[in-house]
Amino acid sequence: MPSVLVAGASGYAGALAARLIDRHPEFELAAITSRSEAGKRLSDLYPHHRVSLVMEELDLDRHGEVDAAIVAYPHGAAAPLVAALLERGVRVIDLSADFRLRDVATYEHWYVTHPHPDLIERAVYGLTELHRDAIAAAQLVACPGCFPTAAILALAPLAEAGLIRDVVIDAKSGVSGAGRGLREDTQFVAVDENVRPYGVGQHRHMPEIDQELAALGAPIVAAFTPHLLPLDQGELLSCYVTTDRPVGQEELDLWFADRYSGERFIDLVERPPGVRDVRETNICAIHAHADERTGKVFVFAAIDNLWKGTSSQAVANLNLMFGFDEGRGIS
């Protein structure tokens, strides 16, 4: 069985990735590491994941002899570890933003000085439904951000048809999307019975959405604003698209059905989805509506930000990289 290291297992995404690999029928969870929680069992930190391995300080002499690694480090900190693992011949899934953006200057504007820009060209953008063949052959996969995952899947059929003139993306997310850090604005008293926008005009997922939509045929600057909801996990995007010509419902339905025919993790639903519909699944539920009154197209997409938005999508990509069925261990 291919052996897998999960580096950064004490965060929400890393912990879930460790759980999925630990229960996976084709992979062996070789080790889990954490800088802040070394010496603790993951099951002590997250009892619901039921992973009994002890988190250790990373030591590549001991932990680098694996077939694959999922790196769940912060932006900027991930790239040096990714580089070291690649040098050892390890196939890597990176959950940070370090290799998602193709332009170094854009990355450095939104994040930090890039530690290994030379590796960007080697990375495949890990949106499974769009880049399946390239992922299967990759040594390094840059797992998409959660908001870009939902946004790009929602808008891909329209982008590929060359019909997006403009789009406004209104996003709602549970607090797990902010990570484990004890930020004041994500504490219970700030979130409960409340909803508010955040990252207005400066959210780091905006250039990622723009980059991938442009690659699909929609070179636009999307208006994107996320809102924090009093939920632990889950994400809903409402996309309001101005098209280059009028689009009817029948035509719209045909585009989406054709684009996602046979995609087991895309649910085209008859009414706008909710986050509970997709909780703890690798599914993106999508509803597209041709609005006669405004002449716009509304597209709604729901995912679980920790699953499809991060960890289960990472495992789907890892399955492809090792020749296994895409849904093994996450279906």
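It should be emphasised that the depicted structure is a prediction, and the values quoted were computed from it without experimental measurement.

So, the overall build of the protein chain
Summing up its helical and strand segments, the protein chain has eleven helices and 14 strands in all. Here the C-alpha atoms of the protein chain give a radius of gyration of 19 Å, agreeing with the 20 Å that 2.2 N^0.38 yields for 331 residues. Along the longest, intermediate and shortest principal axes, the C-alpha atoms of the protein chain span 60 × 45 × 40 Å. When each of the 331 residues of the protein chain is scored for burial, the buried share is 55%.

Topic: the pairing of strand E2 (residues 28–33)
As judged from the five bridges shared by strand E1 (residues 3–7) and E2, these two strands associate in the parallel manner. Paired with Val6 across the strands is Ile32, a residue of E2. Each parallel crossover has a hand, and for E1 linked through helix H1 (residues 12–22) to E2 it is right-handed. Pairing analysis gives two bridges linking E2 to strand E3 (residues 55–56), with the strands arranged parallel. Note on E3: the bridge partner recorded for Thr33 is Glu56.

Focus: the sheet that holds strand E12 (residues 266–268)
Spatial strand order, E9-E10-E8-E11-E14-E13-E12: seven strands in an open sheet with mixed pairing. Across the chains shown, the open sheet's two edge strands, defined by having one partner strand only, are strand E9 (196–197) and E12. By the bridge criterion, nine bridges tie strand E8 (residues 164–173) to strand E11 (residues 235–243) in an arrangement that is antiparallel. By the bridge assignment, Ser173 is partnered in E11 with Glu235.

Examining the side chain of Gln313
Positionally, Gln313 belongs in helix H11 (residues 307–321). Within the local environment of Gln313, its side chain forms a polar contact with the backbone oxygen of Lys308, the two atoms lying 3.0 Å apart. Residues within four places of Gln313 in sequence aside, it is in contact with Gly126, Leu127, Thr128, Cys143, Pro144, Thr149, Asn282, Trp307 and Lys308.

A few points about helix H9 (residues 206–216)
With nine of its eleven residues buried, H9 lies for the most part within the structure. Met206, Pro207, Glu208, Ile209, Asp210, Gln211, Glu212, Leu213 and Leu216 are the residues of H9 that are buried. Its buried side turned inward, H9 meets helix H5 (104–110), strand E6 (123–125), helix H6 (128–136), helix H7 (146–160), E8 and strand E10 (223–228). Positive backbone phi, approximately 115 degrees, marks Gly217, located one or two places after H9.

A word on the packing of H7 against H11
Look at H7 against H11: their axes get within 8 Å of each other, and the N-to-C directions meet at 100 degrees. Regarding the angle of H7 to H11, the classification is roughly perpendicular. Each of Cys146, Thr149 and Leu153 in H7 lies in contact with H11, whose residues at this interface are Lys308, Gly309 and Gln313. Here the residues of the contact of H7 with H11 are counted per class, giving two nonpolar, three polar and one charged.

Quick word on the pairing of E10
Sheet analysis places E8 next to E10, joined by six bridges and oriented parallel. Bridge pairing links Lys172 to His227 in E10. Bridging between E9 and E10 involves two bridges; their strand directions are antiparallel. Paired with Arg196 across the strands is Leu228, a residue of E10.

Some thoughts on the pattern of salt bridges
Applying the stated criterion across every chain, the model contains 16 salt bridges. Among the ionic contacts, a cluster of salt bridges with common partners joins Glu56, Asp59 and Arg62.

Looking at the environment of Ser96
Here Ser96 is to be found in the loop between strand E5 (91–94) and H5. Placed 100 residues apart in sequence, Ser96 and Arg196 show a C-alpha to C-alpha distance of 25 Å. The residues contacting Ser96, other than those within four sequence positions of it, are Val71, Tyr73, Pro74, His75, Ala78 and Cys143. A polar contact of 2.9 Å, which involves the side chain of Ser96, links it to the side chain of Asp94.

A closer look at the environment of Val141
If you trace the backbone, Val141 turns up in strand E7 (residues 140–142). Relative accessible area serves as the criterion here: at 0%, Val141 is assigned to the buried category. In this structure the C-alpha to C-alpha distance between Val141 and Pro272, which are 131 residues apart in sequence, comes to 31 Å. Once residues within four sequence positions are removed from consideration, Val141 is found in contact with Val92, Ile93, Asp94, Val124, Gly126, Ile135, Asn317 and Met321.

Conventions adopted
- Residues numbered from 1 in each chain as written.
- Predicted model: local features only at pLDDT ≥ 70, side-chain atom pairs only at ≥ 80, totals over all residues.
- Heavy atoms only, no water.
- Helix = DSSP H or I, 4+ residues; strand = E, 2+ residues; numbered from the N terminus.
- Rg over C-alpha atoms; globule rule 2.2 N^0.38 Å.
- Buried < 20%, exposed > 50% of the residue type's maximum accessible area, 1.4 Å probe, protein only.
- Pairing = 2+ DSSP bridges.
- Right-handed = clockwise from strand over helix to strand, strands pointing away.
- Polar contact = N/O pair within 3.5 Å; in protein donor to acceptor, adjacent residues only side chain to side chain.
- Contact = heavy atoms within 4.5 Å.
- Axes fitted to C-alpha atoms, helices over the stretch in contact; angles between N-to-C directions.
- Parallel < 35°, antiparallel > 145°, perpendicular 65-115°, else oblique.
- Nonpolar A, V, L, I, M, F, W, Y, C, P; charged D, E, K, R; others polar.
- Salt bridge = Lys/Arg side-chain N within 4 Å of Asp/Glu carboxyl O.

These figures capture arrangement, not role.
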